[in-house]
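# Architecture at a glance
Spelled out from the first residue to the last, the chains are:
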Amino acid sequence: MTERYVVAIDQGTTSTRCIVFDRRGQLVSLAQQEHKQFYPKPGWVEHDAAEIWRNVERLAPQALRRAGITLDQVAAVGIANQRETTVLWDRRTGAPIGRALVWQDTRTDSLVNRLLTRPGADGVQQRAALPLSTYFAGPRLRWMLDHTPGLQERAERGEVLFGTMETWLIWNLTGGLHVTDVTNASRTNLLDVHTLDWSPESLRFFGIPRAMLPEVRPSVAVFGTAAAAFPGYGSERRSAISRRRSSARPASSRARPSARTAPGASCCSTPARSSYARTTACSARSRTRSAARRPTSRWRARSPSPARSSSGSATSWS
């Protein structure tokens, strides 16, 4: 019988690791790459999401080579990630909008203080089972929408997508699947922990368009097919992305992307700091979800948009 392995992508705050485990849970190989930390102002911490994805593309084949295994021996790919780090990107091009704002970033301090004085703040905290804090992704997302002219309107049309780091990686691994799991979603201040779905009331409180949020799935699930970042599947990913871009149409008529059926490794998302995944599931809690309706926003952008460098990577927010 062919030996089967699990690949874990451990996307952390300072580096990304790709680890191969055997069926006994023993580490077979490890590939690791640090990414750059950006500190544009005191209290501000940013990452380049495009750089992190490029590192994953390099590390996955490297880990397989070091393990001496082939892609058909990979049973599943699991993801562990830095949780509250916030990423925005363009639905059509897949390019990040500005740098990712890291969970350590405290630029939303004054915003959080204002939000705490607003009617409804207590309800947000009760539904999320978390305090309103600079630590979580919801205030950070509100700040990003406020500091890019036109971004709120684009988000309401479904042209801009939000995710924490696992959502960004799954989007790239699968060629366009926009999903998260309940454990990562719970770190946003936007999830209702009683329904395990986005709270319409909390979205209205923050002015966050439902159209930009990923689908919340149980943690115990196969999310899709990882047809990118692994040897032999680069050309398929490029053709899939080319088809997706050429068929881009208005958000109102565009269906939510589904899991790819191309051959490859099953892609699972796991809670942060967990490395275990398997063919049919990832180890974590699972609950059913209820639908959330799209809120009406009262917010508008106010400040200059982040610039882009000549290399195509997003630069710091203003």
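## Notes on the pairing of strand β6 (residues 86-90)
Most of β6 sits out of view: five of its five residues are buried. With burial as the criterion, each face of β6 is covered, one bearing Thr86, Leu88 and Asp90 and the other bearing Val87 and Trp89. For β6 and strand β8 (residues 160-164), the ladder comprises five bridges, and the chain directions are antiparallel. Its bridge partner being in β8, Thr86 is matched across the sheet by Thr164.

## Describing unusual backbone geometry
Residues apart from glycine generally show negative phi values, whereas peptide bonds are mostly found in trans. The phi dihedral of Ala129 falls on the positive side, at around 60°, and the residue is not glycine. Looking at the secondary structure, you find Ala129 in the loop between α3 (121-128) and α4 (137-146). The class of Ala129 is exposed, set by a relative accessible area of 54%. Of note, the phi angle at Leu196 is positive, near 60°, even though the residue is not glycine.

## Quick word on the packing of aromatic side chains
For any pair of aromatic rings, geometry is given as the distance between the ring centres together with the angle between the planes. Scanning the entire structure with this criterion turns up six aromatic pairs. Relative to Trp143, the ring of Trp44 has its centre 5.5 Å away and its plane inclined at 85°; by these criteria the two rings are edge-to-face. Linking Trp44 in the loop between β3 (27-34) and β4 (46-47) with Trp143 in helix α4, this pair joins segments that are 99 residues apart in sequence. Of the two residues, Trp44 and Trp143, both sit in the buried class. Clustering of aromatic rings is evident, with ring pairs tying together Trp89, Trp168 and Trp171. Positioned above the aromatic ring of Trp44 is the side chain of Arg107, whose terminal nitrogen or guanidinium carbon lies 3.7 Å from the ring centre. Cation over ring: Arg118 sits above Phe205, and NZ or CZ is 4.6 Å from the ring centre.

## Looking at helix α6 (residues 165-174)
Here α6 lies mainly inside the structure; ten of its ten residues are buried. For α6, the complete set of buried residues consists of Met165, Glu166, Thr167, Trp168, Leu169, Ile170, Trp171, Asn172, Leu173 and Thr174. Gly175 sits one or two positions beyond α6 and adopts a positive phi of about 80°.

## Overview of the packing of helix α1 (residues 49-67) against α6
Between α1 and α6, the shortest axis-to-axis distance is 11 Å and the interhelical angle comes to 55°. One finds that α1 runs oblique with respect to α6. The handedness of the crossing between α1 and α6 is right-handed. Across the interface between the two elements, Ala49, Ala50, Ile52, Trp53 and Val56 of α1 pack against Met165, Trp168, Leu169, Asn172 and Leu173 of α6. Tallied by class, the residues present in the contact of α1 with α6 amount to nine nonpolar, one polar and no charged.

## Digging into the pattern of salt bridges
For the structure on display, the rule yields twelve salt bridges. We note a salt bridge from Glu3 to Arg23, for which the minimum N-O separation is 3.8 Å. Taken together, the residues Glu3 in the segment before β1 (5-11) and Arg23 in the loop between β2 (15-21) and β3 connect sequence positions 20 residues apart. The class of Glu3 is partly exposed, set by a relative accessible area of 25%. By relative accessible area, which is 51% here, Arg23 ends up exposed.

## Let's talk about the environment of Gln73
With respect to the helices, strands and loops of the structure, Gln73 is situated in the loop between α1 and β5 (74-81). Separated by 70 residues in sequence, Gln73 and Glu3 place their C-alpha atoms 6.5 Å apart. Discounting residues that sit within four places of it in the chain, Gln73 has contacts with Thr2, Glu3, Arg4 and Tyr5.

## Notes on the confidence of the model for the chain
In this model, the chain carries a mean pLDDT of 79, and residues with pLDDT of at least 70 account for 72%. Across residues 233-263, where pLDDT falls below 50, the model places 45 contacts with residues more than four positions away in sequence or in other chains. Note that residues 269-312 has pLDDT below 50 and, in this model, 144 contacts with residues that lie over four places away or in other chains.

## Quick word on the environment of Thr148
Here Thr148 shows up in the loop between α4 and α5 (151-156). A relative accessible area of 6% places Thr148 in the buried class. Residues Thr148 and Ile97 lie 51 residues apart in sequence; the distance between their C-alpha atoms is 9.5 Å.

## Examining the side chain of Thr16
Locating Thr16 in the fold gives a position in strand β2. Side-chain polar atoms of Thr16 contact the side chain of Gln11, separated by 3.1 Å. Not counting the four nearest positions on each side in its chain, Thr16 is found in contact with Ile9, Asp10, Gln11, Ala31, Gln32, Gln33, His35, Ile52, Val56 and Leu59.

Cut-off values and rules
Residues numbered from 1 in each chain as written. Predicted model: local features only at pLDDT ≥ 70, side-chain atom pairs only at ≥ 80, totals over all residues. Heavy atoms only, no water. Buried < 20%, exposed > 50% of the residue type's maximum accessible area, 1.4 Å probe, protein only. Helix = DSSP H or I, 4+ residues; strand = E, 2+ residues; numbered from the N terminus. Pairing = 2+ DSSP bridges. Phe/Tyr/Trp six-rings, centres within 6.5 Å; stacked < 30°, edge-to-face > 60°. Lys NZ or Arg CZ within 6 Å of the ring centre and 35° of its normal. Axes fitted to C-alpha atoms, helices over the stretch in contact; angles between N-to-C directions. Parallel < 35°, antiparallel > 145°, perpendicular 65-115°, else oblique. Left-handed = near helix turned anticlockwise from the far one by under 90°. Contact = heavy atoms within 4.5 Å. Nonpolar A, V, L, I, M, F, W, Y, C, P; charged D, E, K, R; others polar. Salt bridge = Lys/Arg side-chain N within 4 Å of Asp/Glu carboxyl O. pLDDT = per-residue confidence, 0-100. Polar contact = N/O pair within 3.5 Å; in protein donor to acceptor, adjacent residues only side chain to side chain.

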